[in-house]
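Listed below are the residues making up each chain.
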Amino acid sequence: MSDPTPESSEPGAVARPARVRLHVEWAVEGKVPGSSGGYGLLACSRGGLTRKSFTDIRNRYVTGTPKELPQITIGWAGGREHTRLLLIIRRWSDQTDQFGRKIAATHYFSVPYGQLEEQRVSYEGLYHALDDADLVFDEAAPERGDPLKIDVPVLDPADLAGRVDDVAAGVAATLLSEAQVCLVGGESLTPLERLRFLDVVAALLPYGMRSRLSASTWTSGTADHDIRLSFTSTVPAAAHQVAWGSEVAVPQDGQAYYEKLVEYRDHLPEVVTLLAADLELRGFTPEARRAALVRLSRFGVTPQDPADEGQVAVFHAPAAIEGALRVCGDHLESGDLTWLTRSMGYLEMVIADREGEFGPEEQAAYREIVQARRLLAGSAELHGDLRDSLRGVVLRIAYGPVLTREGLAHIAAQLEKMPIDLLSALTRLETPDPYVRLYLAGRLGGPRLPELVRRLGVDDLVRAAAEKPYDRYVVETALDELDQRGRRDQDGNLAAALQEHGHLTEAIAFAYPRGERRVRRLRELLVAAYGPRPDRMAFAKIVPLSLQPEEALLLAAAAGLFGPDWGEAFLSASVLPALRDARYSGKDVDRIRRDLRIDRDVPVATDEPAEVPHLRDRSVPSSPSPRREVPLNELPVAGTRRRSSKNPRSLELWFWVLILFGVLTMVATLLVFFRTLSDTASGMGPNGDGREPVATDIVTTGPAIGEVRSAGGPER
Amino acid sequence: MSNPTFERPEHSIAMWGAPGSGKTTMLAALSLALIERDGPWKLVGADANATSVLLEKSAALDRQEFPLATIDIEKFRWLLVGSSPQQDRRFGGWRGRSRDTRAPKIGLNMIDPPGQVYAGGAAQHASLLQSLEESRGIIYLFDPTQEYIAGDAFDYLHGALLQLASQMLAKENETSGRLPHYLAVCITKFDDLRVLKTATKLNVLTQDPSDPHEFPTVEDADAPTLFRELCEISARGSARRVLNALERFFHKDRLKFFVTSSIGFYLKPGTAVFDPRDFQNMVRLSPEAGRDQDSEKGAQYRIRGQARPINVCEPVIWLAERLLAERQEARSGR
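Each value, and the rule that gives it
- Residues numbered from 1 in each chain as written.
- Chains lettered and ligands numbered in written order.
- Predicted model: local features only at pLDDT ≥ 70, side-chain atom pairs only at ≥ 80, totals over all residues.
- Helix = DSSP H or I, 4+ residues; strand = E, 2+ residues; numbered from the N terminus.
- Expected span 1.5 Å × (residues − 1).
- Buried ≥ 20, exposed ≤ 12 C-beta atoms within 10 Å, placed from the backbone.
- Arc of directions from axis to C-beta.
- Contact = placed C-beta atoms within 7 Å.
- Nonpolar A, V, L, I, M, F, W, Y, C, P; charged D, E, K, R; others polar.
- Axes fitted to C-alpha atoms, helices over the stretch in contact; angles between N-to-C directions.
- Parallel < 35°, antiparallel > 145°, perpendicular 65-115°, else oblique.
- Core = buried A, V, L, I, M, F, W, Y, C linked by C-beta atoms within 7 Å.
- pLDDT = per-residue confidence, 0-100.

Caption draft 1: Representation of helix α5 (residues 155–169) of chain B in the model. Residues and elements named next belong to chain B. Between its first and last C-alpha atoms α5 spans 21 Å; for 15 residues at 1.5 Å apiece the expected length is 21 Å, and the two agree. Among the residues making up α5, those that are buried are Tyr156, Leu157, Ala160, Leu161 and Leu164. Down the axis of α5, the buried side of the element spans an arc of 110 degrees, and every buried residue falls inside it.

Caption draft 2: Structural detail: the interface of chain B and chain A. Contacts between the two partners involve 33 residues from chain B, matched on the other side by 32 residues from chain A. Among the elements of the structure, α2 (48–62), β3 (74–81) and α4 (144–149) of chain B are those that each provide at least two residues to the side of chain B that touches chain A. By residue number, the principal contributor to the side of chain B that touches chain A is α2 of chain B, which donates four residues. Within the side of chain B that touches chain A, the residues separate by chemical class into 16 nonpolar, eleven polar and six charged.

Caption draft 3: How the structure looks around the packing of helix α16 (residues 434–444) of chain A against helix α18 (residues 458–466) of chain A. Residues and elements named next belong to chain A. It is the contact of α16 with α18, at a shortest axis distance of 9 Å, that shows an interaxial angle of 80 degrees. Taken together, the axes of α16 and α18 lie roughly perpendicular to each other. Along the contact surface, α16 presents Pro434, Tyr435 and Leu438, while α18 presents Asp460, Leu461, Arg463 and Ala464. The residue makeup of the contact of α16 with α18, split by class, is five nonpolar, no polar and two charged.

Caption draft 4: Looking closely at helix α6 (residues 252–263) of chain A. Residues and elements named next belong to chain A. The end-to-end C-alpha distance of α6, which contains twelve residues, comes to 17 Å, matching closely the 16 Å that a straight helix rising 1.5 Å per residue would cover. Every buried residue of α6 is listed here: Gly254, Ala256, Tyr257, Tyr258, Lys260 and Leu261. On its buried face, α6 is in contact with α4 (166–174), α8 (286–297), α11 (337–353) and α13 (384–398).

Caption draft 5: Layout of the nonpolar core. Ranked by internal contacts, the top residues of the largest apolar core, which has 230 residues, are Leu204 and Ala465 of chain A. Contacts of alanine 465 of chain A, omitting those with residues within four sequence positions, involve Val474, Val475, Ala478, Leu479, Leu504 and Ala507 of chain A. If you look at the next biggest cluster of nonpolar residues, it comprises six residues, including Tyr39 and Ala104 of chain A together with Ala69 and Ile71 of chain B.

Caption draft 6: Geometry of the environment of glutamate 524 of chain A. Looking at where glutamate 524 of chain A falls in the secondary structure, it is placed in helix α22 (residues 515–530). Sequence separation between glutamate 524 of chain A and aspartate 480 of chain A is 44 residues, and the spatial gap between their C-alpha atoms is 9.8 Å.

Caption draft 7: Spatial organisation of the packing of α16 of chain A against helix α19 (residues 472–489) of chain A. Residue and element names in this part refer to chain A. Interhelical geometry of α16 versus α19 gives an angle of 90 degrees and a closest axis separation of 8 Å. As judged from the angle between their axes, α16 and α19 are roughly perpendicular. Listed contacts from α19 to Tyr435, Leu438, Tyr439, Ala441, Gly442 and Arg443 of α16 are Tyr473, Val474, Glu476, Thr477 and Ala478. Looking at the contact of α16 with α19 residue by residue, the classes come out as seven nonpolar, two polar and two charged.

Caption draft 8: Examining the confidence of the model for chain B more closely. All names here are of chain B. Of the residues in chain B, 84% have a pLDDT of 70 or more, and the chain-wide mean is 81. Confidence drops under a pLDDT of 50 for residues 1–9, and excluding neighbours within four residues, the segment shows 20 contacts in the predicted structure. Note on residues 87–96: pLDDT is under 50 here. Beyond four places in sequence and across chains, it has nine contacts. Scoring of the predicted complex yields 0.59 for pTM and 0.78 for ipTM.

What follows is the structure, encoded as structure tokens:
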């Protein structure tokens with residue numbers, strides 16, 4: 001725990017800044033003077049950090065062989081409650097090694113972060129307190145040195161704010177990107193001046209970010225170092241270069257933060273105070289960077305006294321939020337981006353304070369405003385980051401934290417076309433509904449797609465694809481994923497899910513307007529679910545026809561009558577016409593018929609008159625052939641249609657044809673029967689020996705000509 | 001130089017040696033040595049960082065100061081640049097088409113670690129092993145004067161060598177049983193009286209007739225003999241193991257010995273010829289040098305006259321050429 005030391009209150013005493021007492025662990029790296037050995041850890045204090053801990057720290061804070069000393073590096077170690085701030089000071093000792101080379105002595109100091117809970121300190125304050133510290137250790141027990149107790153001045157926001165310039169603000173904002181920042185051209189600055197600059201930069205970030213900040217007054221361009229911010233003479237290829245005293249090219253990621261700092265430049269002491277109060281351990285992850293922006297955005301809109309619950313409640317009231325949304329719309333329309341970001345900052349704060357939870361009723365009101373003010377459509381004047389931020393805020397307030405299908409439909413209804421960046425923003429909301437997730441994944445495509453659909457199960461995918469109103473992207477994305485899963489897993493889950501949802505035939509018919517593609521897609525799905533050669537059981541599951549008993553009897557009788565080709569006839573007579581009825585084009589049906597290897601279509605019996613030319617010719621001559629006298633009662637009546645099949649003469653003719661055909665068939669059958677019977681009775685069978693006749697048997701009834709000659713048999 | 005190339009292959013060459021064996025000084029002398037040496041090659045930085053390192057190191061030596069001891073592993077990319085060959089029309093066909101006349105360039109990714117990282121428990125040891133594994137050329141520095149005093153060369157070789165071998169030779173596709181690197185073994189500090197005397201005793205000293213300074217040299221063929229003899233003076237008697245280990249872990253045909261000195265011999269101002277009575281170029285600064293060496297502060301050394309590196313660029317050029325040839329052979333499928 002820290003021991004805050006208050007300012008002296010004695011009359012006549014010189015005003016002394018408040019100080020905080022810190023317990024500091026330490027280690028020393030160097031060489032034994034006059035030796036030929038290399039650098040190594042010579043001693044360390046006893047405590048939480050061991051020799052190995054300090055060795056690991058030394059390994060992480062590589063800065064390169066120094067050109068000039070002293071060199072001061074700030075850093076961190078540990079995590080959570082074990083987080084420590086580090087200060088590393090490297091100086092030339094007045095000693096040399098065996099080869100006469102100067103020895104650099106490096107002192108590592110570690111301050112537990114928890115000691116700063118009540119009072120913060122600056123890096124410069126730490127440096128002054130530690131630089132002259134006497135590190136005492138017994139050579140016989142070099143790892144049992146006494147930890148230090150030092151008094152460090154409490155961080156002075158006014159002092160730090162007074163030294164903020166545009167370079168410091170730009171560098172601080174640049175740290176809120178992925179960039180490693182290297183400052184060049186600072187050779188004229190002393191190491192202490194460089195440390196003071198680093199201190200100012202750190203003061204423009206939430207204090208908790210120091211738990212992951214590394215910086216140095218010098219690094220070598222040829223050392224593989226991970227120091228986030230440093231002065232250097234040569235910049236590694238991948239680093240972001242900042243020329244000392246020049247304008248900083250702040251990356252996009254840090255732009256919003258930079259704009260905030262510029263906006264608040266007249267209130268920097270208060271801003272530094274606000275940021276110093278933020279002790280929450282933060283890294284430089286995208287989330288932490290966003291949180292830093294939120295924290296900074298609170299400046300000026302947060303009630304001065306957070307304990308004033310009533311004021312906070314007013315600030316967070318739905319009416320205030322609605323007002324802020326309308327103001328955002330106004331600024332968006334007027335192009336006043338400065339005030340737009342300020343209003344967004346307020347909304348960010350509300351989201352953070354209410355942890356993203358808003359009631360359905362208030363969200364309905366917010367949605368109306370969002371739609372009316374076209375807040376999601378954005379504006380051409382908004383650059384990418386600001387537009388993303390605005391959408392993020394609006395979505396979380398009006399549609400978050402869980403994006404429902406209704407919310408999605410509401411958003412879709414506002415826009416003619418859903419832009420990609422809006423889709424991306426939507427994915428940042430929670431999307432537990434598989435339909436919603438597939439809706440976004442299908443439209444985003446690319447690398448985001450697998451990430452979005454990965455956690456959906458086969459059941460989720462099938463159910464989402466089957467849900468109405470059908471969405472082409474949802475169906476297609478689901479089918480693609482199901483294809484992959486089915487072929488990969490082959491565990492029957494896909495088949496079971498498909499059986500529950502009619503094998504998605506309706507959805508597929510919706511998503512694929514072309515008949516041929518429909519059938520192919522469905523067949524691919526069936527292959528994924530049942531394999532390339534499904535057995536009869538699978539077929540029954542795919543086509544679960546439930547026939548009535550009499551229908552089954554009829555089908556059995558008809559199939560028996562038709563013989564082995566009854567299946568083809570069934571497809572031809574029942575399936576293909578049904579496809580036609582479903583408005584499949586003739587071309588598609590022909591193609592399907594070819595796929596099914598059905599030679600020709602079977603005529604379909606309908607109530608319509610069959611086109612039988614010879615019958616029509618006889619009843620209604622179309623040619624100028626000699627007219628036959630037709631009785632009046634046989635003439636067609638206007639408005640009625642004659643049904644040729646009911647023509648008594650035709651029926652009569654057909655009747656006699658059938659009788660004749662039947663008699664002939666019967667006679668032929670009887671002849672064959674009696675012939676077979678007589679052969680069997682004579683014991684010859686068809687071949688005389690009970691075997692079926694074969695060609696050779698017939699030939700052997702007489703010798704071949706050649707055989708007779710060769711055998712010397714009698715000639716005729 | 002024969003076999004100039006128009007490609008720009010990258011070769012990583014790592015320095016290996018105990019603390020104080022002269023790794024950084026050798027790198028500092030390399031550029032100067034190439035300038036003084038007859039031949040087309042010169043050394044340039046491949047980027048601003050590498051150029052800066054080159055300038056800083058050369059400048060220190062030029063100021064007759066030793067470069068600072070390396071504290072962290074340094075990596076920089078240098079280029080060995082040759083001269084553009086004359087246009088040659090003899091083989092250009094009847095149209096007189098000339099050959100490519102671009103200057104040959106060989107990229108060198110130099111890795112300069114502090115000596116202590118070769119001790120097994122050093123903090124940057126893992127990083128060093130990775131660098132060694134990625135490199136295909138190693139310049140190994142053996143300092144006989146240091147071996148005479150401390151006898152620790154084997155300590156800074158054995159642990160790292162075993163770990164490197166463990167990483168590389170344990171791989172399934174490794175069948176040769178030896179490390180694939182080309183190894184230039186440099187016997188450093190040839191300018192030291194004791195080393196020169198040993199060479200004299202062995203009768204391996206020669207003189208290059210074309211050398212205007214008439215400096216003594218040891219031909220590369222005799223370098224192994226000198227190395228073996230110097231191993232015998234090891235303070236702890238472990239130097240012989242250095243040689244055995246190198247021959248055991250590396251291919252013999254990829255091993256070559258050089259006798260080197262980064263600062264060279266001293267030449268009196270106004271004279272141009274080696275003086276066998278006064279040639280030592282490294283001196284102690286303090287007049288009370290004898291006492292200082294044992295004091296807590298240690299000794300102060302500096303270079304007495306102009307640095308005239310001996311055999312410093314030869315190991316680098318040999319490695320670069322071997323690596324280049326190997327790559328060309330691999331490409332041609334041989």
